Amino acid sequence: MGCLLVAASWLPGCGAGADRTLIRLGHTLDPTHPVHLGMVDMAERLAAKSGGRARIEIFPGGQLGTERELLELLQIGSLGMTKVSSSVLEQFVPAFRVFGLPYLFRDDAHRYAVLEGPVGQQLLLAPEAVWLRGLTYYDAGTRSFYTTGRPIEHPRDLAGLKIRTQESASAIRMINLLGAAATPIAFGELYTALQQGVVDGAENNPPSYHTSRHYEVARSYSLDEHTAVPDVLLVSTVVWDALDGQTRQWLTAAAVESHEVQKRLWQEATDRALAEMTTAGVRIVRPDKAPFRERVAPMFDEFRRDPVVGPLVDAIEATR
Ligand code: GCU
């Protein structure tokens, strides 16, 4: 492959005779998080397939920036890979808004069928127009509310609360329809925001709520499971275009194989997170989901009328 220089993301060991590729990957999750462990699995597979010639170095915990910043670094080729929530990707590729539609999937099997089927796979290639290439999804389960004060048993309990959202128009719309005041804050700043009362609550899946330790300051978790927003693994097209065909194949295979491993890790981590938080005294509520569904129902009509996401909603509903 020789010596390829793509800014600082691309450190192919450019000494004389070097024939090595090192891709830097930045993300915002904790190193104990099951999505991080999925990426570790991918990196190990790439190293094994290439006999150590192609490697990935992972920088977790937001060391290299917020999800939006990481995507921007990929676009200019200053970083090789990232993993972001599709909620943040929707600012770059509007079609990804579809995953922000509450209660979109019938169950876990439906979600996997969509992500692994034609709809999910076509969406992975959509970011190429903005210098990003999706490699695979990582499961991020379902998102639910957690609060520092009263537990959320019904949408009326959200009235007037400031709830942190991701930087996502669909997340903001959903929170506002549920009667709370949506407050976008980066994930890395949320612990302090909850602790200092800047917001009254947030929402996330059990492993993220647990590994971020937000449960230390927000002690009620209400499993209304309003959205199932997947995580997406991406490579900069600047870096991708500079890879030889063999390395692209290894990387693609490593990513797809790690998706399968990560699905299993996800289930285990979700069960563990709920058990450990129960032991730690977190109040876990299982509310009736019907009133939550009713409040956000207008989003279905809005999305259906939208020329970009409307056809995707139909295709997802038709997926068996
Ligand atoms: C999930 C997701 C992250 C995202 C976070 C958030 O944990 O995996 O990528 O940053 O939600 O709420 O911001």
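Residue indices follow the written sequence of each chain, beginning from 1 at its first position. Where local features are concerned, this predicted model is filtered to residues with pLDDT of at least 70; where side-chain atom pairs are given and counted, the filter is 80 or more; whole-chain, interface and lining totals use all residues. Side-chain numbers come from the whole structure's heavy atoms, not from hydrogens or water.

**Student:** Talk me through the site of the ligand; I want residue IDs and the actual numbers.
**Tutor:** Note on definitions. A residue lies near a molecule or strand when any single heavy atom of the residue is within 4 Å of it. Looking at the ligand, the residues that line it are T28, L29, E67, K83, S85, R143, R164, Q166, F187, N204, S208 and D231. Whenever a nitrogen or oxygen atom comes within 3.5 Å of another N or O atom, the pair is scored as a polar contact, on the condition that within protein one atom can donate a hydrogen and the other can accept it, and that pairs from neighbouring residues in sequence are kept only if both atoms are in side chains. At a separation of 2.6 Å, an oxygen atom of the ligand approaches a polar side-chain atom of S208. With respect to the ligand, the side chain of D231 contributes an N or O atom lying 2.7 Å from an oxygen atom. Within the complex, the protein chains bury 98% of what would otherwise be the 310 Å² of accessible surface of the ligand. The Shrake-Rupley method, run with a 1.4 Å probe sphere, supplies the accessible areas, and residue values consider only the shown protein chains as cover.

**Student:** Break down the nonpolar core for me, with residues and values.
**Tutor:** Within soluble globular proteins, side chains that are nonpolar tend to cluster in buried spots. Working definition of a nonpolar core: buried Ala, Val, Leu, Ile, Met, Phe, Trp, Tyr and Cys residues. They are joined through side-chain atoms within 4.5 Å. Only protein chains enter the accessibility calculation, which uses a 1.4 Å probe; a residue whose area is less than 20% of its type maximum is buried, one above 50% is exposed, and one in between is partly exposed. The biggest cluster of nonpolar side chains holds 46 residues, and the ones touching the most others in it are L89, F99 and L123. Setting aside residues up to four positions removed in sequence, F99 forms contacts with S86, L104, F105, V114, L115, L123, Y137, A228, V229, P230 and I316. Residues M81, A140, W240 and L251 belong to the second largest nonpolar core, which totals 26 residues. Residue contacts are defined here by distance: any two heavy atoms, one from each residue, within 4.5 Å place the two residues in contact.

**Student:** So what's going on with the pattern of salt bridges? Which residues, and what values?
**Tutor:** Salt bridges are identified by distance alone: a Lys or Arg side-chain nitrogen within 4 Å of an Asp or Glu carboxyl oxygen. Within this structure, the stated rule accounts for 21 salt bridges. In this structure, the salt-bridge partner of R97 is D306, at a minimum N-O distance of 3.1 Å. Of this pair, R97 sits in the loop between α3 (86-89) and α4 (108-116) while D306 sits in the loop between α12 (298-305) and α13 (310-318), placing them 209 residues apart in sequence. Residue classification places D306 among the buried residues on the basis of a relative accessible area of 17%. Taken together, the shared-partner salt bridges in this structure form one network comprising D41, R45, K49 and E257. Numbered from the N terminus, helices here are DSSP runs of H or I no shorter than four residues, and strands are runs of E no shorter than two.

**Student:** Could you give an account of the confidence of the model for the protein chain, with specific residues and numbers?
**Tutor:** One number per residue, pLDDT, summarises how confident the predictor is, and it ranges from 0 to 100. Here the protein chain averages 94 in pLDDT, while 94% of its residues score no lower than 70. Low pLDDT (under 50) marks residues 1-17, which in the prediction has 42 contacts with non-local residues, meaning those over four places away or in another chain.

**Student:** An account of the sheet that holds strand β4 (residues 132-138) is requested, with residue identities and associated values reported.
**Tutor:** Note: strands within a sheet are paired through backbone hydrogen bonds, in either parallel or antiparallel orientation. By definition, two strands form a pair when at least two bridges between them are found by DSSP. If you trace the five strands from one edge of the open sheet to the other, you get β2-β1-β3-β10-β4, paired in mixed fashion. Of all the strands in the sheet, the pair left with one neighbour each is β2 (54-59) and β4. Ignoring which end each strand starts from, the neighbouring axes of this sheet average 25° apart. Note: strand β3 (residues 81-85) against strand β10 (residues 231-236), five bridges, orientation antiparallel. What sits directly across from M81, in β10, is V235. Every angle, taken between N-to-C directions, lies between 0 and 180 degrees, and every axis is a line fitted to C-alpha atoms, over only the stretch in contact when it is a helix.

**Student:** Please provide a residue-by-residue account of the pairing of strand β7 (residues 181-184), values included.
**Tutor:** Regular strands show a simple pattern: their side chains alternate between the two faces of the sheet. Here strand β6 (residues 162-165) runs beside β7; their pairing, made up of four bridges, is parallel. Of the residues in β7, the one forming a bridge with R164 is T183. If the strands point away from the viewer and the path from the first strand over the helix to the second runs clockwise, then the crossover is right-handed. For the crossover from β6 across helix α6 (residues 169-177) to β7, the handedness is right-handed.

**Student:** Got a sec to walk through the side chain of H33? Specific residues and values, please.
**Tutor:** Among the structural elements, H33 can be located in the loop between β1 (21-26) and α1 (34-49). From its side chain, H33 meets the backbone nitrogen of V35 in a polar contact 3.0 Å long. Each residue touching H33, except ones within four places of it in the same chain, is listed here: N205, P207, S208, T211 and W266.

**Student:** So what's going on with the packing of aromatic side chains? Which residues, and what values?
**Tutor:** Centres within 6.5 Å are what make two rings of Phe, Tyr or Trp a pair, Trp counting through its six-membered ring; a difference in plane orientation under 30 degrees is then read as stacked, over 60 as edge-to-face, and the rest as tilted. A complete count under the given rule lists seven aromatic pairs for this structure. Plain terms: the ring middles of Y209 and Y221 are 4.4 Å apart, the flat faces sit at 40° to each other, and that makes the pair tilted. Placement of the pair is Y209 in helix α8 (residues 206-211) and Y221 in strand β9 (residues 220-227), with a sequence separation of 12 residues. One aromatic cluster is present, formed by F96, F99, F105 and Y137 through successive ring pairs. Note on criteria: charge over ring means Lys NZ or Arg CZ within 6 Å of the ring centre, with the direction from the centre no more than 35 degrees off the ring normal. In this structure, R111 is placed above the aromatic ring of Y112, and the distance from its NZ or CZ to the ring centre is 5.4 Å. Above the ring of Y112, the side-chain terminus of K263 is found at 4.5 Å from the ring centroid.

**Student:** Before we move on, can you summarise the packing of α12 against α13 with the specific residues and values?
**Tutor:** The N-to-C vectors of α12 and α13 enclose an angle of 115°; their axes lie 6 Å apart at closest approach. Classed by the angle they form, the pair α12 and α13 counts as roughly perpendicular. Residue-level inspection shows F300, F303 and R304 of α12 in contact with α13, the latter providing G310, V313, D314 and E317. Each residue gets one label: Ala, Val, Leu, Ile, Met, Phe, Trp, Tyr, Cys and Pro are nonpolar, Asp, Glu, Lys and Arg are charged, and the others, such as Gly, are polar. Tallied by class, the residues present in the contact of α12 with α13 amount to three nonpolar, one polar and three charged. Any angle from 65 to 115 degrees is called roughly perpendicular, while one under 35 is roughly parallel, one over 145 is roughly antiparallel, and all others are oblique.

**Student:** Describe the environment of D224, and please don't skip the residues or the numbers.
**Tutor:** Structurally, D224 can be placed in strand β9. Other than its neighbours up to four places away in sequence, D224 contacts Y103, R143, S144, F145, P287, K289 and F292. Within polar-contact distance, the side chain of D224 engages the side chain of H226 at 2.7 Å.

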